[in-house]
Amino acid sequence: MKNLLILLILVNLSITLKGQSIKFEKAAFSDTVSLTKAMQNLATDYLKQSKIRGLKIESNDLFLIEILAGQYERAIQTIQSTRKDVSVQNDHPDKLPYELFAMAKIEESAKQIPFETTYRKVLSDYLQNCSDQQLSSVNIVLTTYDQVAQFTNRFKENYDKASAPGITQEEALTLLRSYFLYQVFHHTEPIVFGEIKREQKRRYHIEQKVIVSPIDSAEISLTVVRKRGTGPLPAILTFTIYADSSNINQALIPASKGYVGVLATSRGKGLSNEAIEPYKHEHNDVYAAIDWISKQPWNNRKVGMFGGSYNGFAQWASMKDSVHPALKTIVPCVSAAPGIDVPMENNIFYNFSYKWISYVTENNYLYNTDYQRWNNLQNTWFKSGAPYNKMDSIDGTPNPLFHEWISHPSYDSYWQSMIPYKDEFAHIDIPILSITGYYDDGQRGAMYYFNQHLKYNPNAEHYLLIGPYDHWGAQSTPSANLRGYQLDKAAQIDIQNQLIFDWFDYILKGKGKPEILKDKVNFQVMGMNKWMHKPSVSAMSNETCTFYLGGYKSNGHYTLLSKKPKKEYLKLEVDFADRTKMNNAYYYPWPVIKDSILLNDGLVFISEPFQKGKIINGSFSGNLEISANKKDFDYSVNLYELTPEGRYFQLSYYIGRASYSKSREARELLTLNKETTITFDNTRIVSKEISKGSRLIVIVNGNKNPDVQINYGTGKDVSTESIENANDPLLLKISSNSKINIPIYNKD
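This report concerns the structure included in the present document. (Residues numbered from 1 in each chain as written. Predicted model: local features only at pLDDT ≥ 70, side-chain atom pairs only at ≥ 80, totals over all residues. Heavy atoms only, no water.)

**Some remarks on the overall build of the chain**
At step 1: On a plain count of helices and strands, the chain comes out with 19 helices and 30 strands.
At step 2: For 748 residues, the compact-globule estimate of 2.2 N^0.38 gives 27 Å, and the C-alpha radius of gyration of the chain, at 28 Å, lies within 12% of that figure.
At step 3: Along the first, second and third principal axes, the C-alpha atoms of the chain reach 85 × 70 × 60 Å.
At step 4: Evaluated residue by residue, the chain yields a buried proportion of 57% over its 748 residues.
At step 5: Considering only residue pairs separated by 6 or more positions, the chain has 76% of its internal contacts joining residues 24 or more positions apart.
At step 6: A total of about 30,400 Å² of accessible surface is found on the chain, and carbon and sulfur atoms cover 48% of it.
At step 7: Here the chain contributes 83 positive and 79 negative side-chain charges, whose respective centroids are spaced 3 Å apart. (Helix = DSSP H or I, 4+ residues; strand = E, 2+ residues; numbered from the N terminus. Rg over C-alpha atoms; globule rule 2.2 N^0.38 Å. Buried < 20%, exposed > 50% of the residue type's maximum accessible area, 1.4 Å probe, protein only. Contact = heavy atoms within 4.5 Å. Areas by Shrake-Rupley, 256 points an atom, 1.4 Å probe, with all protein chains shown as cover. Lys, Arg positive; Asp, Glu negative; His and termini not counted. Charge placed at Lys NZ, Arg CZ, Asp CG, Glu CD.)

**A short note on unusual backbone geometry**
At step 1: The omega angle of the peptide bond from V342 to P343 is -10°, so this bond is cis rather than trans.
At step 2: Within the secondary structure, P343 sits in the loop between β8 (327-333) and β9 (344-345).
At step 3: Omega for the bond connecting W590 with P591 falls within 30 degrees of zero, at 0°, which places this linkage in the cis form.
At step 4: With respect to the secondary-structure elements, P591 resides in the loop between β19 (569-574) and β20 (593-594).
At step 5: Its identity as a non-glycine residue notwithstanding, Q112 has a phi of 55°, on the positive side.
At step 6: On the secondary structure map, Q112 appears in the loop between α5 (96-111) and α6 (115-128).
At step 7: Using a relative accessible area of 67% as the deciding quantity, one classes Q112 as exposed.
At step 8: The backbone of N727 shows a phi angle near 50°, a positive value even though the residue is not glycine.
At step 9: Mapped onto the fold, N727 is located in the loop between β28 (695-702) and β29 (730-735).
At step 10: Taking the relative accessible area as the measure of exposure, N727 reaches 61% and is therefore exposed.

**Regarding the pattern of salt bridges**
At step 1: Summed over the entire model, instances satisfying the criterion amount to 31 salt bridges.
At step 2: In this structure, R120 and E195 form a salt bridge, with 3.0 Å as the shortest nitrogen-oxygen distance. One end of the pair, R120, is in helix α6; the other, E195, is in helix α9 (residues 169-203), with 75 residues separating them in the sequence.
At step 3: For R120, a relative accessible area of 29% corresponds to the partly exposed category.
At step 4: Under the relative-accessibility criterion, E195 is labelled buried at 5%.
At step 5: Beyond isolated ion pairs, a larger network of salt bridges with shared partners links D132, E199, R202, R203 and K227. (Salt bridge = Lys/Arg side-chain N within 4 Å of Asp/Glu carboxyl O.)

**A word on the pairing of β29**
At step 1: Relative to β29, β19 runs antiparallel, the two being bridged by six bridges. Each bridged residue has a counterpart across the sheet, and for Y569 the counterpart in β29 is S735. (Pairing = 2+ DSSP bridges.)

**Side note on the sheet that holds β8**
At step 1: Spatially, ten strands are ordered β3-β4-β6-β5-β7-β8-β11-β12-β15-β16 in an open sheet, and the strand pairing comes out mixed. The sheet terminates laterally at β3 (204-212) and β16 (530-534), the two strands that pair on one side only. Between one strand axis and the next, the sheet turns by 20° as a mean value, whatever way the strands run.
At step 2: Across six bridges, strand β5 (residues 233-240) lies against strand β6 (residues 260-265) in parallel orientation. When the sheet's bridge partners are listed, L237 is paired in β6 with V262. (Axes fitted to C-alpha atoms, helices over the stretch in contact; angles between N-to-C directions.)

Below, the structure is given as structure tokens:
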């Protein structure tokens, strides 16, 4: 996680110094002594000119300019005067990297000793006074995760643009900001890593090793972190494919809370020399890691697991065949479910999975990919009209795993072999806490596990917590602002550091159950600043509002009707041959709240204003009575609230393939131009208070954009179809008897 202030500094804030000129004596970039002096003079003159003109400098700029001008004591005062108590994200003082930098500069100037020496002393003193929990997160605060080279390049670009003898105030501020980040982290980051590691070793036994699986002799790389001077303890295991030096935090956090922390990585990652094959071996390898832990003298034969996304999948995979006797609980967050929500959802492959393969399989750690490369790739593919299976040909790099995945478009035995399937959930009898979010990309995976577990083991002690969180927030500490939506205070809970370990203390140490888990399903109602608690997902709602896709058109859109209308047909056309336009390009909720949406993309239906407030609780569903001139098609349904203030709040969405509407396991092609009913219900859960005067908006659309596969409707393998198969545009005739079902919780 990048330091929030870094982002603030990089943003070009509008200040009142526009149009003014600042003296700038430019030095050669390679002359570091002269360069430092030139930038110090620029910062000094910036402060002087601002004071003369009575112009205010924003506090997030003031302290950095003071540091660059050599006014270190004043900069520390500025930092402290604007500081919040602590950062919610990391339990460290706000602007800590810059305060430590200024403190070291004061020592350097006073004692005439090298900065490296003074900074190491200042940092060491801070680290020694950190609590164990603070130490587990300090690298997040003090490092940039390989951004130093970017800071250097950005500063050089800005410096090359600047021309002596004078630059504008705006140019000066941009230059000072970029130089500041380069200056601070270029000098401190190499020291930070070494000192943190030194302090970690002082407090903990840290052991890296490779174990050999007794199941098939595969190598698995582990890191074990134990507090010095402790006896046998419960162990908390994280199993991940994301092997990286920063991941040690996932073992340090449990160790800081009275457990043994263990981080294990997928075979082929870390110190393992095996082939890297995502998802294939976790059902054996995680079990083997638990078995090894349970036999160590520092473990009391109790193991818990936590982690999000792939790490959540790994927890479920470990229990496919049986639950290891030492595994007492899991806390899967935003859990990926291969074949369910990755690399495809509702049988449509997402393009992000292609680049993810390179990210995790290129080497034993992580491949820092060029995101521009991936954006260019999917845009080039889209514009070319090439078959989906030619993606790696366009990229110029063979991708065998990509081809392996797309050769299984149904949820067949290939995917079923990776995680519990049907009655394999029945033997899972340990307590579980599942966590996901309304805006979590992996919500449908997390809900698959929850629903299937309780279907095949109805008496399982399995709790669900879900709120207004995205894929990252639901596995860590959520930001107070989610893509433009300000979270209710009740939703601002510390998931990773508080809730998860309160759960572990409950199961592994016999303490009380976390108070927020009052029933099996616990969800935060957006807009009401409260949590609700129900015994099941179905109990979240006690009423269903059914709307029909009415054919009456007004102001460019159709009407959502509460009564079944006279049957008529609406037409939706998608021209796959036309790559100048996209369909359904903005289904993804980013931002959550918008000032406007496209009302000419797809069929748009708007309800009458609600006469009283309601609470939408659960997953919307629907039945589309529809005919098509193709054997198959992909479609989307998006759900919005249009507030009385005229803003669009995206509630949920669905994207799916018509030929799999009856079962994700078997494809059933359509009969040309014959009306059929397509049912969908695998939509994202949401809970929100809908105010009086709000309207609901439903948008039904075909799918044609660079983010996912394009289904041309021939009935062949979609991955082999191309623009040559476009032929006539897709024509959908949708009956006005089609309906959308909205789950409502009625307070009355």
